[in-house]
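# Secondary and tertiary structure notes
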Amino acid sequence: MEAITLAGIARRVLDELLRSPYKTLEIRGARNVIALERARELGRVFLTYETFQDVTVGTEGLLAEILRLESMEQRIPWEESDEREVTVCRAQVRLLGLGRIVEVRKRNTVLVVRVREMLPQEMDIG
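Residues numbered from 1 in each chain as written. Predicted model: local features only at pLDDT ≥ 70, side-chain atom pairs only at ≥ 80, totals over all residues. Heavy atoms only, no water.

Taking 1.5 Å per residue as the helical rise, helix H2 (residues 30–42) with its 13 residues ought to reach 18 Å, and the 19 Å between its terminal C-alpha atoms agrees with that figure. Here H2 has its buried residues at Asn32, Val33, Ala35, Leu36 and Ala39. Downstream of H2 by one or two residues, Gly43 has phi in the positive range, about 85 degrees. (Helix = DSSP H or I, 4+ residues; strand = E, 2+ residues; numbered from the N terminus. Expected span 1.5 Å × (residues − 1). Buried < 20%, exposed > 50% of the residue type's maximum accessible area, 1.4 Å probe, protein only.)

A word on helix H1 (residues 11–19). Here H1 has its buried residues at Val13, Leu14 and Leu17. Taken end-on, H1 shows its buried residues confined to a sector of 100 degrees, consistent with a single buried face. Seen from the buried face of H1, the exposed residues on the opposite side, beyond 90 degrees, are Arg12 and Arg19. (Arc of directions from axis to C-beta.)

Before going further, it helps to spend a moment on the nonpolar core. Formed by 26 residues in total, the largest nonpolar core has its most connected members in Leu6, Ile9, Ile27, Leu36, Val45, Leu47 and Leu62. For this core, the elements supplying multiple residues, two or more each, are strand E1 (2–6), H1, strand E2 (22–27), H2, strand E3 (44–47), strand E4 (60–77), strand E5 (83–107) and strand E6 (110–118). Residues within four places of Ile27 in sequence aside, it is in contact with Ile9, Asn32, Val33, Leu36, Thr87, Val88 and Cys89. (Core = buried A, V, L, I, M, F, W, Y, C linked by side-chain atoms within 4.5 Å. Contact = heavy atoms within 4.5 Å.)

On to the packing of aromatic side chains, then. Scanning all chains against the criterion turns up 0 aromatic pairs. Positioned above the aromatic ring of Tyr49, the side-chain terminus of Arg11 is 3.8 Å from the ring centre. Positioned above the aromatic ring of Phe52 is the side chain of Arg31, whose terminal nitrogen or guanidinium carbon lies 4.7 Å from the ring centre. (Phe/Tyr/Trp six-rings, centres within 6.5 Å; stacked < 30°, edge-to-face > 60°. Lys NZ or Arg CZ within 6 Å of the ring centre and 35° of its normal.)

Here you go:
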């Protein structure tokens, strides 16, 4: 199964998604925001706590289907100026299962991965 990678996701978020298969994620990191925009066409994401630099064949994570995607601009106070504008994406996802990467392709700044679905006893997250 092919998916777009969202890397650096907190383990707490992955655990919550395992407990409840529907979750709305708020993504602020620039690479993950770009990845989510590209994932719109594919409709699936692979979520992992590993950083982008550490995602390789064998990396484990969660496969999720994108149900709804919303982008917005937020203004936050900033030390050097009055405020700063940040793009935030909210993605409502549904857990499809557990997976391990079998192939990684880089398209610009986005990692497209082919994932083998796994059984819970095969996982070694943690």
